[in-house]
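Listed below, chain by chain, are the residues.
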Amino acid sequence: VKSQGRNGAVRFMPHMSAEEQRRRNLEFDLRGAAARGELCLYYQPQYSLPQRQLIGFEALVRWQHPKLGLIPPMQFIPLAEESRLILEVGNWVLHEACRQAAEWHFPERRLCMSVNISALQFEQPDFVAQIQSLLGQYGLNGENLALELTESMVQRDQAHAADSIQRLQDLGVRVALDDFGTGYSSLSLLQNLPFHLLKVDRSFLNDLLYSSSHFNRAFTLLEVVMKLAHNLNMRVVAEGIEQEEQYELLCRLNCHSAQGYWFARPLPAEAAAGLL
Ligand code: C2E
Ligand code: CA
Ligand code: CA
Ligand code: CA
């Protein structure tokens, strides 16, 4: 049995596993989801340390599926990346994040919206031009936008990545290396690419608790990361702060900013607006 969907996508084939069929169906539904208004952004606040002043938000996409309810990004972003639908999704995310930043008066408040970018988006030849026109369209300054890249996506063509990152920084847009420390080649990347921000993955914070048997190792590791960032003229954002103790330790480490459940979970726009 096999039926063709509207755009010819195969919805069911007997040789597919249940998991594969689920993915195919989800991918089929994702086509046009942005245009149908099914995507939305949640906003997780980011704070300066140690003052705990609001400095901006990370925009995190959600999919309000008409039948399946709210779907977290880990369940559809990888699918979108395999099928190039990420261009459509990512473009919607960029527009919505900028629209919201403008509505929240980011230029006057000097706040920054951080947006996650996928490899395929970043590799578009006109990516930097797209960002520039987006800033103009919504009346934002470069400093009101930060783009989060992961190391896997800048590895393939480092010369091109370095050039794009430099041109983004020239616009005032900050570029962050996301999930720092979880990959294989972070150090060589830092040598070659002019990142402005390092986002330390939350796995590094797990042991940043006095009660952890690995506390000394975690603390030393972060000390080194802070020193590295300082010497390379980068700022450090710690993600996944869940306890006050982690906040205090990060302050002692002179970490620049942080986000995490201890401050706030990612919030729908109306709730996030209450923090402004
Ligand atoms: P990420 O960029 O590392 O985002 C941080 C994730 O950690 C978010 O999950 C956030 O809700 C979660 N988090 C924040 N604070 C804490 C904490 O204190 N404890 C714990 N346990 N978790 C915390 P979320 O929203 O489910 O996003 C997951 C991933 O999906 C993101 O990881 C990012 O890689 C991807 N993603 C989200 N939105 C987008 C998007 O618009 N475009 C692209 N390309 N990827 C996105
Ligand atoms: Ca991120
Ligand atoms: Ca991250
Ligand atoms: Ca992550």
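In case you missed it, the structure is sitting above this.
Structural notes, computed from the coordinates. Keep in mind it's a predicted model, so treat the numbers as computed, not measured.

As a further point, take the site of ligand 1. Taken together, 21 residues lie near ligand 1, and R62, S118, R202, E242 and Y261 sit nearest. Interatomic distance of 2.8 Å between a backbone N/O atom of Y261 and an oxygen atom of ligand 1. Relative to its unbound accessible surface of 810 Å², ligand 1 loses 85% to contact with the protein. When residues in the shell around ligand 1 are grouped by element, the largest group, four residues, is from strand β2 (residues 54-65).

Take the packing of aromatic side chains next. As enumerated under the stated definition, the model contains 13 aromatic pairs in all. Aromatic side chains F122 and F127 sit 5.7 Å apart centroid to centroid with 70° between the ring planes, which places their arrangement in the edge-to-face category. Members of the aromatic cluster, each reached through a chain of ring pairs, are Y43, F57, W104 and F106. Looking at R52, its charged tip hangs above the ring of Y247, at a distance of 4.7 Å from the centre. The positively charged end of R62 is found above the aromatic ring belonging to Y42, 5.1 Å away from the centroid.

Take the environment of F127 next. Here F127 lies in helix α6 (residues 127-138). Between the C-alpha atoms of F127 and S164, which are 37 residues apart in sequence, the distance is 8.2 Å. For F127, the residues in contact, after removing those within four places along its chain, are L94, I117, Q121, F122, L147 and L168.

All right, on to the coordination of the calcium ion (ligand 2) then. Only E58 (OE), N116 (OD1), E148 (OE) and D178 (OD) from the protein coordinate the calcium ion (ligand 2), and they sit 2.1 to 2.4 Å from it. Going along the chain, you hit the donors of the calcium ion (ligand 2) in the pattern E-x57-N-x31-E-x29-D. Between the calcium ion (ligand 2) and the calcium ion (ligand 3), a separation of 3.8 Å is found, and both are coordinated by D178. Taken together, the residues span a long stretch of sequence, with N116 in strand β4 (residues 112-116) and D178 in strand β6 (residues 174-180) at a distance of 62 residues. Its relative accessible area of 30% is what places N116 among the partly exposed residues.

What follows deals with the coordination of the calcium ion (ligand 4). Protein coordination at the calcium ion (ligand 4) comes from D179 (OD) and D179 (OD), with a distance range of 2.8 to 3.0 Å. Taken as a pair, the calcium ion (ligand 4) and the calcium ion (ligand 2) lie 6.0 Å from each other. Relative to the assigned elements, D179 resides in strand β6.

This part takes up the nonpolar core. Within the largest apolar cluster, 83 residues are counted, with the highest numbers of intra-cluster contacts made by M113, F122, L147 and F195. Top contributing element to this core by residue count: helix α3 (residues 86-103), with seven residues. Setting aside its immediate chain neighbours within four residues, M113 contacts Y43, F57, A59, A97, Q100, A101, W104, F106, N144, L145 and A146. Among the nonpolar cores identified, the runner-up in size contains five residues, and A146, A176, L197 and V237 belong to it.

Look at helix α1 (residues 18-30): 18 Å from first C-alpha to last across 13 residues, which is about the 18 Å you get at 1.5 Å a residue. Turning to α1, its buried residues are Q21, L26, E27, F28 and L30. In this structure, the buried residues of α1 make contact with β2, β3 (69-71), α2 (77-82) and α3. G32 lies just past α1 and shows a positive phi near 85°.

The next thing to look at is the packing of α6 against helix α8 (residues 158-170). Packing of α6 against α8 leaves a shortest axis separation of 10 Å and a crossing angle of 15°. Put simply, α6 runs roughly parallel to α8. Like other packed secondary-structure pairs, α6 and α8 cross with a definite hand, here right-handed. Packed against α6, whose contacting residues are F127, V128 and I131, the element α8 presents S164, R167 and L168 at the interface. In terms of residue class, the contact of α6 with α8 is built from four nonpolar, one polar and one charged.

Calculation rules
- Residues numbered from 1 in each chain as written.
- Chains lettered and ligands numbered in written order.
- Predicted model: local features only at pLDDT ≥ 70, side-chain atom pairs only at ≥ 80, totals over all residues.
- Heavy atoms only, no water.
- Near = heavy atom within 4 Å.
- Polar contact = N/O pair within 3.5 Å; in protein donor to acceptor, adjacent residues only side chain to side chain.
- Areas by Shrake-Rupley, 256 points an atom, 1.4 Å probe, with all protein chains shown as cover.
- Helix = DSSP H or I, 4+ residues; strand = E, 2+ residues; numbered from the N terminus.
- Phe/Tyr/Trp six-rings, centres within 6.5 Å; stacked < 30°, edge-to-face > 60°.
- Lys NZ or Arg CZ within 6 Å of the ring centre and 35° of its normal.
- Contact = heavy atoms within 4.5 Å.
- Donors = N, O, S within 2.8 Å, 3.2 Å for Na, K, Ca; no water.
- Buried < 20%, exposed > 50% of the residue type's maximum accessible area, 1.4 Å probe, protein only.
- Core = buried A, V, L, I, M, F, W, Y, C linked by side-chain atoms within 4.5 Å.
- Expected span 1.5 Å × (residues − 1).
- Axes fitted to C-alpha atoms, helices over the stretch in contact; angles between N-to-C directions.
- Parallel < 35°, antiparallel > 145°, perpendicular 65-115°, else oblique.
- Left-handed = near helix turned anticlockwise from the far one by under 90°.
- Nonpolar A, V, L, I, M, F, W, Y, C, P; charged D, E, K, R; others polar.

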